[in-house]
Amino acid sequence: MTAFLSVETSLTGRRWIGPDAGQDRLAEAMAQATRLPLPLCRILAARGVTSDAAPAFLAPSLRDLLPDPLTLKDMATAADRLLRAVARRERIAIFADYDVDGGSSAALLLVWLRHFGLQATLYIPDRIDEGYGPNVPAMTGLAAAHDLVLCVDCGTLSHEPVAAAKGADVVILDHHLALETLPAALAIVNPNRQDEDGALSHLCAAGVVFLLLVEANRRLKAAGKAIPDLMALLDLVALATVADVAPLTGVNRAFVRQGLKIMARRDRPGLRALADVARMDQAPTPYALGFLLGPRVNAGGRIGQADLGARLLATDDAMEASRIAALLDQLNTDRRGITEAVRIEALAQAGARGLDAPLVWAAAEGWHPGVVGIVAARLKEAANRPSVVIGFDGDEGKGSARSIPGVDLGAAIQRLAAEGLITKGGGHRMAAGLSLTRAQLEPAMARLAELLGRQGAGAMGRQDLRIDSLLATSAATVTLLEEIENAGPFGASAPAPRFAFANAQVSGRRIGDSHLKLTLSDGSGPALDAIAFGAFDGPLGPALENPGHRRFHLAGKLEPNHWNGRTRVQLRLDDAAPA
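Because the structure is a prediction, the values reported are computed rather than measured.

The next point concerns the overall build of the protein. Helix and strand counts for the protein come out as 20 helices and 18 strands. In terms of overall dimensions, the protein is globule-like: its C-alpha atoms have a radius of gyration of 24 Å, near the 25 Å expected for 579 residues. For the protein, the spread of C-alpha atoms along the principal axes amounts to about 75 × 60 × 45 Å. When burial is assessed residue by residue, the protein has 54% of its 579 residues classed as buried. Expressed as a percentage of contacts within the protein between residues at least 6 apart in sequence, the contacts between residues at least 24 apart total 64%. Between the mean site of the 60 positive side-chain charges and the mean site of the 63 negative ones, the protein shows a separation of 3 Å.

Laid out in structure tokens, this is it:
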């Protein structure tokens, strides 16, 4: 395939790949059949959407996309047990993971139960002292004081802790990869059980919990009883879906599209307070969920008090929400400093080891376990390789791993655990966690590199940059941006479209320490503003700050820029190449 605009090696070392002739023909035919704008049709064609399916794709609805909850195994048992606990006013505990998905899942249940006048006990383990998932002391204590323990976003691999919960029923609502043998819980609702067909494997835990509540509401309604408003809970499902980087396909598109509308109403005290401290002055977007709200909810579980995020999302007290949001905002600021220090050390260590192997990894004493996942993501982005970052406290190491498309990291980590090469580990295709000793470190990483190499991880070079369409600067209008938004929401497995602008004259100026503000013009009309974050951490900043008379091809994603009550289009720059 010929490189798009003949860009074989861009400033960041990537080859540009554009739409093929077949996609162009499909897009043109769709534009004629549907009267939709051609740039939008090109986006739809690239995603495999046909002309007939385009109207439904552009307006995803829960009515059309919500699956029957009973297609998931153990769902009927879980719904029956939850409703029995409500009817008998039993003592209920919720054991949740400490991330956004766990906190949102817990909040869904807490808010739903509050409708019936029930106050469940919330338990979120400390990341450092207890680690991920149920543990024997916690489950023993919860079972002694409660009739029902709901484990959300965790529990699928917790055989011993579930067995220790004597005297209480345990229901697991999770989405992490399961082994062939499941814990002895009353019900395990998980689309990633090995005996599931995988049709709903894209759900995060909050999506699973929402389906449980749909089934519970359906049974209550059939019995003629008043039911909570589940549509009002979709803001929590949307937040979890985006922050957990769940694929924005199928029902997840409807969850996020509808959830953003609910969030825009600012009815939930916790999210309203969090948006205020994050200085969000516009309607929420997937970007805001993933990069403004999500990290702040996560901050408590990373370096502070583990239950802060869930409490914020569940509270109906505006004053409490403001207090927790302010604390999480400060913790997030602290977390960024810790993350940057670990990132610099980890990148240097991994670089010295080499970034072209099937696995990129780094480990050191004292690295905070709350930030190793973020740093692993940074290593993955730098090398386009699966990555692992591990922090040791004496002989015990806790790490996080991140993968790239096409490489199943979770299964490989589970293989290490089964072979006894690590103390424990698990996750899903794109992310996983693990614990190990210092003696296990080198053998485990060597074996993991071997397993990932068999999946082709080591054969991958720097990712090609995919371009959806060529655009003139005069065509980058607010109207076009609104039409593009109809194809969203954009995120994991549904990237926002990337446009190229050819042979543009560029002027740039440095913003802060590492960012670059640009204007570009191709002579077709008004100049287009652009922003390149972190440009001076790589080759884009030095090349584009003072380009002189040289012209460039530029590629990036269009986004709104709100300023002084006006909305303009700007380009978020991904790459550039000499014209």
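And the narrative resumes.
Before going further, it helps to examine the sheet that holds strand S3 (residues 121–123). Pairing is parallel in the open sheet, where 5 strands are placed in the order S3-S2-S4-S5-S6. The open sheet terminates on both sides in strands that have one partner only, identified here as S3 and strand S6 (187–189). Going from strand to strand, the sheet's axes swing by 15° on average, the running direction of each strand aside. The pairing of strand S5 (residues 169–173) with S6 spans 3 bridges and is classified as parallel. From the neighbouring strand, Val171 faces S6, where its bridge partner is Ala187. Packed onto the sheet, helix H9 (residues 205–222) meets strand S4 (148–152), S5 and S6 and runs at close to 120° relative to S5.

Three or four residues apart is the spacing at which side chains of an α-helix point the same way, because the helix has 3.6 residues per turn. The complete set of buried residues in helix H2 (residues 38–46) reads Pro39, Leu40, Cys41, Ile43, Leu44 and Ala45. Where the residues of H2 are buried, they touch helix H1 (21–34), helix H3 (54–58), helix H19 (478–485) and strand S14 (499–511). Just downstream of H2 lies Gly48, where phi reads positive at about 75°.

Viewed as axis vectors pointing N to C, helix H10 (residues 234–243) and helix H13 (residues 286–303) meet at an angle of 90°, and their least axial separation amounts to 9 Å. As judged from the angle between their axes, H10 and H13 are roughly perpendicular. Contacts from Ala238, Leu239, Val242 and Ala243 of H10 reach H13 at Pro286, Leu289, Gly290, Leu293, Gly294 and Val297. Looking at the contact of H10 with H13, its residues break down into 8 nonpolar, 2 polar and no charged.

Okay, the nonpolar core next. Counting residues in each nonpolar core, the largest one holds 88 residues, and the members touching the most others are Trp112, Leu173, Leu213, Leu239 and Leu293. In terms of residue count, H9 provides more of this core than any other element does, 10 residues in total. Non-local contacts of Leu239, meaning those with residues more than four positions away in its chain, are made with Val100, Ser104, Met263, Leu271, Leu289, Leu293, Gly294, Val297 and Leu313. Phe490, Val506, Leu528 and Phe552 belong to the second-largest nonpolar core, a separate cluster that totals 40 residues.

Next up on the list: the sheet that holds strand S10 (residues 424–427). Strand order in the open sheet made by the 5 strands is S7-S8-S9-S11-S10, with mixed pairing throughout. Each having just a single partner strand, strand S7 (360–365) and S10 make up the two edges of the open sheet. Shown here is a sheet whose adjacent strand axes are inclined to one another by a mean of 15°, direction ignored. Relative to strand S9 (residues 396–402), strand S8 (residues 387–393) is paired through 7 bridges, and the arrangement is antiparallel. Within S9, the position partnered with Val388 by the bridge is Ala401. Strands in contact with helix H16 (residues 372–383) are S7, S8 and S9; relative to S8, the strand with the most contacts, it is inclined by about 145°. Against the sheet, helix H17 (residues 409–418) contacts S9, S10 and strand S11 (431–437), and its axis sits at roughly 160° relative to S10.

It is worth spelling out the pairing of strand S2 (residues 92–96) at this point. Look at any regular strand and the pattern is simple: side chains alternate between the two faces of the sheet. Among the 5 residues in S2, 5 count as buried, and that is most of the element. Sheet analysis places S2 next to S4, joined by 5 bridges and oriented parallel. Bridge pairing in S4 links Phe95 to Cys151. Judged from the 3 bridges that link them, S2 and S3 form a sheet pairing that is parallel. Pairing of Ala93 across the sheet is with Thr121, part of S3. With respect to chirality, the unit in which S2 leads through helix H6 (residues 100–114) into the neighbouring parallel S3 is right-handed.

A few words on unusual backbone geometry. At the junction of Gly488 and Pro489, the peptide bond is cis and its omega measures out at 5° in the coordinates. Mapped onto the secondary structure, Pro489 falls in the loop between H19 and S14. If you check the backbone angles, Leu5 has positive phi at about 55° while not being a glycine. Locating Leu5 in the fold gives a position in the segment before strand S1 (16–17). One non-glycine residue, Ser493, lies in the positive phi region at around 65°. In this structure, Ser493 sits in the loop between H19 and S14.

This paragraph deals with the state of the cysteines. The final tally for this structure, using the stated rule, is 0 disulfides. No disulfide involves Cys151; its sulfur sits 5.2 Å from that of Cys154, the nearest cysteine. On the basis of relative accessible area, Cys151 is assigned to the buried category, the value being 0%.

A full pass over the atoms with the stated rule returns 31 salt bridges. Each of the salt bridges in this network shares a partner with another, and the network as a whole consists of Asp68, Asp80, Glu215, Arg218 and Arg219.

With that out of the way, let us pick up the packing of aromatic side chains. With the rule as written, the count across this model stands at 4 aromatic pairs. Ring geometry for Tyr287 against Phe291: centres 4.9 Å apart, planes inclined by 25°, an arrangement best described as stacked. Taken as a pair, Tyr287 and Phe291 lie in helix H13 at a separation of 4 residues, close to a single helical turn. The class of Phe291 is exposed, set by a relative accessible area of 57%. When the ring centre of Phe57 is taken as reference, the NZ or CZ atom of Arg253 above it lies at 3.8 Å.

Moving on, we come to the environment of Arg454. Relative to the helices and strands, Arg454 is located in helix H18 (residues 438–454). Its relative accessible area of 56% is what places Arg454 among the exposed residues. Separated by 98 residues in sequence, Arg454 and Phe552 place their C-alpha atoms 39 Å apart. A polar atom in the side chain of Arg454 sits 2.7 Å from the side chain of Glu450.

What counts as what
Residues numbered from 1 in each chain as written. Predicted model: local features only at pLDDT ≥ 70, side-chain atom pairs only at ≥ 80, totals over all residues. Heavy atoms only, no water. Helix = DSSP H or I, 4+ residues; strand = E, 2+ residues; numbered from the N terminus. Rg over C-alpha atoms; globule rule 2.2 N^0.38 Å. Buried < 20%, exposed > 50% of the residue type's maximum accessible area, 1.4 Å probe, protein only. Contact = heavy atoms within 4.5 Å. Lys, Arg positive; Asp, Glu negative; His and termini not counted. Charge placed at Lys NZ, Arg CZ, Asp CG, Glu CD. Pairing = 2+ DSSP bridges. Axes fitted to C-alpha atoms, helices over the stretch in contact; angles between N-to-C directions. Parallel < 35°, antiparallel > 145°, perpendicular 65-115°, else oblique. Nonpolar A, V, L, I, M, F, W, Y, C, P; charged D, E, K, R; others polar. Core = buried A, V, L, I, M, F, W, Y, C linked by side-chain atoms within 4.5 Å. Right-handed = clockwise from strand over helix to strand, strands pointing away. Disulfide = S-S within 2.5 Å. Salt bridge = Lys/Arg side-chain N within 4 Å of Asp/Glu carboxyl O. Phe/Tyr/Trp six-rings, centres within 6.5 Å; stacked < 30°, edge-to-face > 60°. Lys NZ or Arg CZ within 6 Å of the ring centre and 35° of its normal. Polar contact = N/O pair within 3.5 Å; in protein donor to acceptor, adjacent residues only side chain to side chain.

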